[in-house]
Amino acid sequence: MALRTLPGTTDRRVDKLLTLLADNAMIVVSGGKIAREIGVARSTVWRWTQRLRELGVKVKSHPRTGYQIERVPDVLMPNMLRQRLANTPFRKRIYHFFKIDSTNNLALHLGHEGEPHGAVVIAEEQTAGRGRVGRSWHSEKSSGIYLTVLLRPKISPVQAPIMTLVAGLAARDAVAEQTGYQADLRWPNDLLLDGKKFCGILTEMHAEPDHVHFVIVGIGINVNHTRMPEELARIATSLRIESGRSHSRLELLVRLLRCLDSYYNRFLAEGAAPILTRFAEVSSYARGKRVRISTATETYVGTTAGLEPNGLLRVERDDGRMEVVTSGDVAEAS
Ligand code: BTN
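Residue numbers run consecutively from 1 along every chain, following the written order of its sequence. Owing to the predicted nature of the model, reporting of local features is limited to residues with pLDDT of at least 70; listing and counting of side-chain atom pairs is limited to 80 or more, with chain, interface and lining totals taken over all residues. No hydrogens and no water enter the side-chain calculation; it runs on all heavy atoms of the structure.

Draft legend 1. Region of interest: the site of the ligand. Neighbouring the ligand are 20 residues, the closest being Ser102, Thr103, Arg130, Arg132 and Lys197. We call two N or O atoms a polar contact when they sit within 3.5 Å, provided that within protein one can donate a hydrogen and the other can accept it, with sequence-adjacent residues counted only if both atoms are side-chain atoms. Measuring from an oxygen atom of the ligand, one finds a backbone N or O atom of arginine 130 at 2.7 Å. If the ligand stood free it would expose 420 Å²; the protein chains cover 99% of that surface. Of all the secondary-structure elements, those providing two or more residues to the shell around the ligand are α5 (103–112), β5 (144–151), β8 (196–208) and β9 (211–222). Of the residues forming the shell around the ligand, the biggest block, four residues, is contributed by β8. Basically, the charged four are Asp, Glu, Lys and Arg, the nonpolar ten are Ala, Val, Leu, Ile, Met, Phe, Trp, Tyr, Cys and Pro, and anything else, Gly included, counts as polar. Classifying every residue of the shell around the ligand gives six nonpolar, 10 polar and four charged. Distances are taken per atom, and a residue is near a molecule or strand as soon as one of its heavy atoms is within 4 Å of it. Note on areas: Shrake-Rupley, 1.4 Å probe, and residue coverage restricted to the protein chains presented here. Per the convention used, a helix needs a DSSP run of H or I reaching at least four residues, while a strand needs a run of E reaching at least two, with both numbered from the N terminus.

Draft legend 2. Structural context of the pairing of strand β1 (residues 59–62). In this analysis, strands are considered paired if DSSP registers two or more bridges between them. The pairing of β1 with strand β2 (residues 66–69) spans four bridges and is classified as antiparallel. By the bridge assignment for β2, histidine 62 is matched with glycine 66. Hairpin connection, β1 to β2: the antiparallel pair is bridged by three residues, and arginine 64 has positive phi, about 75°.

Draft legend 3. Local environment of the pairing of strand β7 (residues 190–193). The alternating pattern of β7 places Asp190 and Leu192 on one face and Leu191 and Leu193 on the opposite face, and all of these are buried. Pairing of strand β6 (residues 184–186) with β7 involves three bridges; the strand directions are antiparallel. Each residue of the ladder has a partner; that of arginine 186, found in β7, is aspartate 190. Connecting β6 to the antiparallel partner β7 that follows it, the hairpin turn spans three residues. Bridge count between β7 and β8: three bridges; the pairing is antiparallel. Across the sheet, leucine 192 pairs through a bridge with lysine 197, a residue of β8. Taking the residues between adjacent antiparallel strands as the criterion, β7 and β8 are bridged by two residues, where aspartate 194 takes a positive phi near 50°. Only protein chains enter the calculation, and the probe is 1.4 Å; a residue is then buried if its accessible area is under 20% of its type maximum, exposed if over 50%, and partly exposed in between.

Draft legend 4. Expanded view of the packing of aromatic side chains. Between 30 and 60 degrees the pair is tilted, below 30 it is stacked and above 60 it is edge-to-face, where a pair is any two Phe, Tyr or Trp rings, Trp via its six-membered ring, whose centres lie within 6.5 Å. Under the criterion given, the structure shown has zero aromatic pairs. Between arginine 51 and the ring centre of phenylalanine 98, over which it is positioned, the NZ or CZ distance is 4.4 Å. A ring is scored as having a charge over it whenever the NZ atom of a lysine or the CZ atom of an arginine sits within 6 Å of its centre and within 35 degrees of its normal.

Draft legend 5. Representation of the environment of leucine 110. Note on placement: leucine 110 falls in helix α5. Separated by 95 residues in sequence, leucine 110 and methionine 205 place their C-alpha atoms 12 Å apart. The contact rule is simple, with two residues in contact once any of their heavy atoms fall within 4.5 Å. Excluding anything up to four places from it in sequence, leucine 110 contacts Arg4, Leu6, Tyr95, Glu115, Val121 and Arg152.

Draft legend 6. Quick look at the sheet that holds β5. Judged by pairing direction, the sheet is mixed, and its seven strands sit side by side in the order β3-β4-β5-β9-β8-β7-β6 without closing on themselves. Because the sheet does not close on itself, it has two edges, and the strands there are β3 (94–97) and β6. Strand-to-strand twist in this sheet, taken as the mean axis angle between neighbours without regard to direction, amounts to 20°. Contacts between α5 and the sheet are confined to β3, β4 (120–123), β5, β8 and β9, with β9 contributing the most and set at about 160° to the helix. Only the contacting stretch of a helix is used when fitting its axis, a line to C-alpha atoms as for every element, and angles between N-to-C directions run 0 to 180 degrees. Relative to β8, helix α6 (residues 160–179) is tilted by about 150°, and along the sheet it contacts β5, β6, β7, β8 and β9.

Draft legend 7. Seen up close, the environment of glutamate 316. Within the secondary structure layout, glutamate 316 lies in strand β12 (residues 313–317). Glutamate 316 sits in the partly exposed class, given a relative accessible area of 35%. The sequence separation of glutamate 316 and glycine 288 amounts to 28 residues, and the corresponding C-alpha distance is 9.5 Å. Residues contacting glutamate 316, with those up to four places away along its chain left out, are Gly302, Thr303, Arg321 and Met322.

Draft legend 8. Summary view of helix α3 (residues 42–54). One less than the residue count of a helix, multiplied by 1.5 Å, gives the span that helix is expected to have. With 13 residues, α3 should cover 18 Å at 1.5 Å per step; its first-to-last C-alpha distance of 19 Å lies within 8% of that length. Where α3 is buried, its residues touch α1 (12–23), α2 (31–38), β1 and β2. Remark: glycine 56 follows α3 within two positions and exhibits a positive phi of approximately 95°.

Draft legend 9. Just the pattern of salt bridges, in detail. The rule for a salt bridge is simple: a side-chain nitrogen of Lys or Arg has to be within 4 Å of a carboxyl oxygen of Asp or Glu. According to the stated counting rule, one finds 19 salt bridges in the structure shown. Of the charged contacts in the structure, one is a salt bridge between arginine 135 and aspartate 329, with a shortest N-O distance of 2.7 Å. With a gap of 194 residues between them, arginine 135 in the loop between β4 and β5 and aspartate 329 in strand β14 (residues 329–332) connect regions that are remote in the sequence. Residue arginine 135 is classed as partly exposed on the basis of its relative accessible area of 45%. Taking relative accessible area as the criterion, aspartate 329 reaches 23% and is therefore assigned partly exposed. For glutamate 308, the salt bridge is made with arginine 314, and the minimal N-O distance between the two is 2.9 Å. Exposure remark for glutamate 308: the relative accessible area of 22% places this residue in the partly exposed category.

Draft legend 10. Main features of the sheet that holds strand β13 (residues 322–325). The strand order across the open sheet formed by five strands is β13-β12-β11-β10-β14, and the pairing between neighbours is antiparallel. What marks the edges here is a single partner per strand, and that holds for β13 and β14. Averaged over all pairs of adjacent strands, the angle between strand axes in this sheet comes to 45°, irrespective of strand direction. In the sheet, β12 pairs with β13 via four bridges, with the strands oriented antiparallel. Across the sheet, arginine 314 pairs through a bridge with valine 324, a residue of β13.

Structure (structure tokens):
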């Protein structure tokens, strides 16, 4: 199935332009040569370099001689990603947007349209990023990773919560590889540094009672935000705020997709056991944590008591009753 041209996707020639400039980093490339190679007018090259600058790409214009990129840009363009995603199912169908409402919305649509396993939707900015339990996801331009992958695992819907844990573990490993930070995982899949959230995952699926048609895994990571909006600052952070330096989103995204591929294959080959074991090793929320659970119908306090075989969280209420949390919000209780 050919890669679709969707309304709003980044023109593939912009991708070519960036690759051309990046491959010739530090060299001045003439506007005429660029225009010929990517098949557009010189005025379009000028317009697109302006667009790239808005995303923080440092492109110098030299009057009469041409364009020069000052350093390898941190834009999540398909070409740049593809080169680094060999041997994964994610390299073939990458849809990039400068701006979109929500990468999950588009991935859901693609899933229903029959898009194959492994499609990836990436945006530099979301205008209506969605979070769990009806919340929104703050998606500042070019600061974070806003990604959704479409998967078609041959599993039953009861195993779907494991997919959520798979994604959380993959994000945790990717961040650890790149920054050395060992993030905590708050069930089911929030990543925390010093108790503040910097990564959230929204898994959605289309299924029959006995069969999953597709799962979409939407991942948002606050990478280079220099500050969080006031209403979030108490509970949310970014890798940059924590470390005091910026991080390559491109490298982090590549690691994330590679880790996701590896945990996903492990789950399909060996089942849930290694995923549950790993989650229990790295999450302070898996067992013995005082938590407040808020569901659509009630709020209660208890202590976490491990995971069910299908990945759901067990919580022992203070009166001794055991609950299995299927959805809702988990917060640390004092
Ligand atoms: C949460 O913690 O509440 C989940 C947040 C998930 C945010 C990501 S950003 C990319 C993808 N597109 C969306 O609209 N949401 C997810």
